[in-house]
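# Fold and contact review
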Amino acid sequence: LPIALAAAVIGYLFGSIPFGLILTRAAGLGDVRSIGSGNIGATNVLRTGNRTLAAATLLLDALKASAAAWIVGYFLGEEAAIIAGFFAFIGHLFPVWIGFKGGKGVATYIGTLLGVAPIMVVLFAAVWLAVAFTTRYSSLSALVAMLVIPVALWILGNEKVAAVMAIMTLISYWKHKANISRLMSGAESKIGAKG
Ligand code: G3P
């Protein structure tokens with residue numbers, strides 16, 4: 001249990017760093033929470049018009065979860081790495097530093113995958129890009145990719161990681177509820193459109 005607790009705390013601390021907020025503020029673009037969807041993630045940072053910053057947000061929000069999994073995994077083993085990745089995701093969604101109002105977890109989901117089942121990132125990216133090119137919805141692309149991943153992990157026999165990713169998928173779906181209702185009413189903003 002102490003190992004699991006240490007993994008959870010370290011994961012949470014990494015995950016709760018809100019890079020989208022930090023980077024947009026540092027670039028003098030104001031508070032990303034006051035534009036577009038109000039989210040702190042890369043998709044909403046892109047709505048500032050700054051692609052480099054959006055890419056950096058995606059990369060750093062992903063790598064904070066990978067780093068947590070890698071570091072914890074190195075010292076405490078494979079199961080602890082999965083716990084750290086999961087709690088990095090939780091940290092991103094519920095960061096204590098900004099009133100527990102965090103992001104939707106797509107980048108950290110990818111980062112956790114990179115930490116615990118790296119080959120799956122290729123599948124995530126392929127599905128995401130396929131849906132994004134067809135529909136131009138960032139949210140829908142992530143929602144579809146997050147369905148495919150646990151199923152693929154399950155089929156490949158990686159049941160433990162499949163179960164954890166499935167829980168993350170459910171939590172992220174819940175965080176995407178406003179996106180899902182916008183998608184259903186046709187009001188979701190497309191990649192490249194402002195707001
Ligand atoms: O799946 C991407 C998700 O984070 C959507 O972000 O800003 O469109 O709500 P946003």
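Report follows, based on the coordinates. (Residues numbered from 1 in each chain as written. Predicted model: local features only at pLDDT ≥ 70, side-chain atom pairs only at ≥ 80, totals over all residues. Heavy atoms only, no water.)

## Quick word on the packing of aromatic side chains
This is how it is decided: Any Phe, Tyr or Trp ring, taking Trp's six-membered ring, that has another such ring centre within 6.5 Å forms a pair; planes under 30 degrees apart are called stacked, those over 60 apart edge-to-face, and the others tilted. Charge-over-ring contacts are defined here by two conditions on Lys NZ or Arg CZ: a distance within 6 Å of the ring centre and an angle within 35 degrees of the ring normal.
Inspection of the entire model under this criterion finds 4 aromatic pairs. Positioned above the aromatic ring of Tyr137, the side-chain terminus of Lys190 is 5.1 Å from the ring centre.

## Quick word on the site of the ligand
Note the following rule: Near residues are defined by distance, with any heavy atom within 4 Å of the molecule or strand qualifying the residue. Pairing of N or O atoms within 3.5 Å defines a polar contact, subject to two protein rules: one partner must be a possible hydrogen donor and the other a possible acceptor, and residues neighboring in sequence count only if both atoms are side-chain atoms. Here the Shrake-Rupley method, with its probe set to 1.4 Å, supplies the accessible areas, and only the displayed protein chains count as covering residues. Secondary structure follows DSSP: runs of H or I at least 4 residues long count as helices, runs of E at least 2 residues long count as strands, and numbering of each begins at the N terminus.
Lining the immediate environment of the ligand, one finds Ser37, Asn39, Thr43, Asn44, Arg47, Lys104, Val106, Ser138, Ser139, Ala142, His176 and Asn179. Contacts to the ligand include Ser37, whose side-chain N or O atom sits 2.5 Å from an oxygen atom. One of the side-chain nitrogen or oxygen atoms of Asn179 is found 2.9 Å away from an oxygen atom of the ligand. Protein chains shield 95% of the accessible area of the ligand, which is 310 Å² for the free molecule. Sorting the residues of the shell around the ligand by element identifies helix 3 (42-46) and helix 8 (138-155) as the ones contributing at least two each.

## Details of the side chain of Asn39
Rule in force here: For each residue, the accessible area found with a 1.4 Å probe, counting protein chains only, is set against the maximum for its type, and the residue is called buried under 20%, exposed over 50%, and partly exposed in between. Any two residues having at least one pair of non-hydrogen atoms within 4.5 Å are treated as being in contact.
The topology assignment puts Asn39 in the loop between helix 2 (19-26) and helix 3. The class of Asn39 is buried, set by a relative accessible area of 13%. The contact partners of Asn39, leaving out residues within four places of it in the chain, are Val32, Asn44, Gly102, Gly103 and Lys104.

## Details of the packing of helix 5 (residues 78-93) against helix 9 (residues 159-175)
We count it as follows: Throughout, an axis means a line fitted to C-alpha atoms (over the contacting stretch in the case of helices), and angles, computed between N-to-C directions, take values from 0 to 180 degrees. To sort the angles, those under 35 degrees are grouped as roughly parallel, those over 145 as roughly antiparallel, those from 65 to 115 as roughly perpendicular, and the leftovers as oblique. The nonpolar class holds Ala, Val, Leu, Ile, Met, Phe, Trp, Tyr, Cys and Pro. Asp, Glu, Lys and Arg form the charged class, and all remaining residues, Gly among them, are polar.
Contact pair helix 5 / helix 9: the axes reach a minimum separation of 11 Å and the direction vectors enclose 5 degrees. As summarised for this structure, helix 5 and helix 9 are arranged roughly parallel, according to the angle between their axes. Between helix 5 and helix 9, the contacting residues are Glu79, Ile82, Phe86, Phe89, Ile90 and Leu93 on the first element and Lys160, Val161, Val164, Ile167, Met168, Ile171, Ser172 and Lys175 on the second. Residue classes in the contact of helix 5 with helix 9 are distributed as 10 nonpolar, 1 polar and 3 charged.

## Some words on the packing of helix 8 against helix 9
This is how the line gets drawn: For a crossing to be left-handed, the near helix must be turned anticlockwise from the far one by less than a right angle; the clockwise case is right-handed.
As a packed pair, helix 8 and helix 9 sit with axes 8 Å apart at the nearest point and diverge in direction by 160 degrees. One element, helix 8, and the other, helix 9, form an angle in the roughly antiparallel class. In this structure, the crossing between helix 8 and helix 9 has a hand that is left-handed. Touching Leu143, Val144, Met146, Leu147, Ile149, Pro150, Leu153 and Trp154 of helix 8 are Glu159, Val161, Ala162, Met165, Ala166, Thr169, Ser172 and Tyr173, all from helix 9. Looking at the contact of helix 8 with helix 9 residue by residue, the class counts come to 13 nonpolar, 2 polar and 1 charged.

## Details of the pattern of salt bridges
Condition: Whenever a carboxyl oxygen of Asp or Glu lies within 4 Å of a side-chain nitrogen of Lys or Arg, that contact is scored as a salt bridge.
Summed over all chains, the structure comprises 5 salt bridges. The shortest N-O distance in the salt bridge between Asp61 and Lys64 comes to 3.1 Å. With Asp61 and Lys64 both in helix 4 (residues 51-76) and 3 residues apart, this pair spans about one turn of that helix. The buried category is assigned to Lys64, whose relative accessible area is 3%. One salt bridge connects Glu79 with Lys160, and the closest N-O pair in it is separated by 2.7 Å. Placement of the pair is Glu79 in helix 5 and Lys160 in helix 9, with a sequence separation of 81 residues. We classify Glu79 as partly exposed; its relative accessible area is 49%. One salt-bridge network, held together by shared partners, links Arg25, Asp31 and Arg33.

## Describing helix 8
Owing to its 3.6 residues per turn, the α-helix brings residues three or four apart onto one side. The cut-off we apply is this: Between the first and last residue of a helix there are one fewer steps than residues, each counted as 1.5 Å, and that sum is the expected span.
Between its terminal C-alpha atoms helix 8 stretches 26 Å, which fits the 26 Å expected from 18 residues at 1.5 Å a residue. Among all positions in helix 8, only Ser138, Ser139, Ser141, Ala142, Leu143, Ala145, Met146, Ile149, Pro150, Ala152 and Leu153 are buried. For helix 8, the elements touching its buried residues are helix 3, helix 6 (106-116), helix 7 (119-135), helix 9 and helix 10 (177-185). Positive backbone phi, at 85 degrees, marks Gly157, one or two positions downstream of helix 8.

Read these as spatial facts, not as claims about activity.
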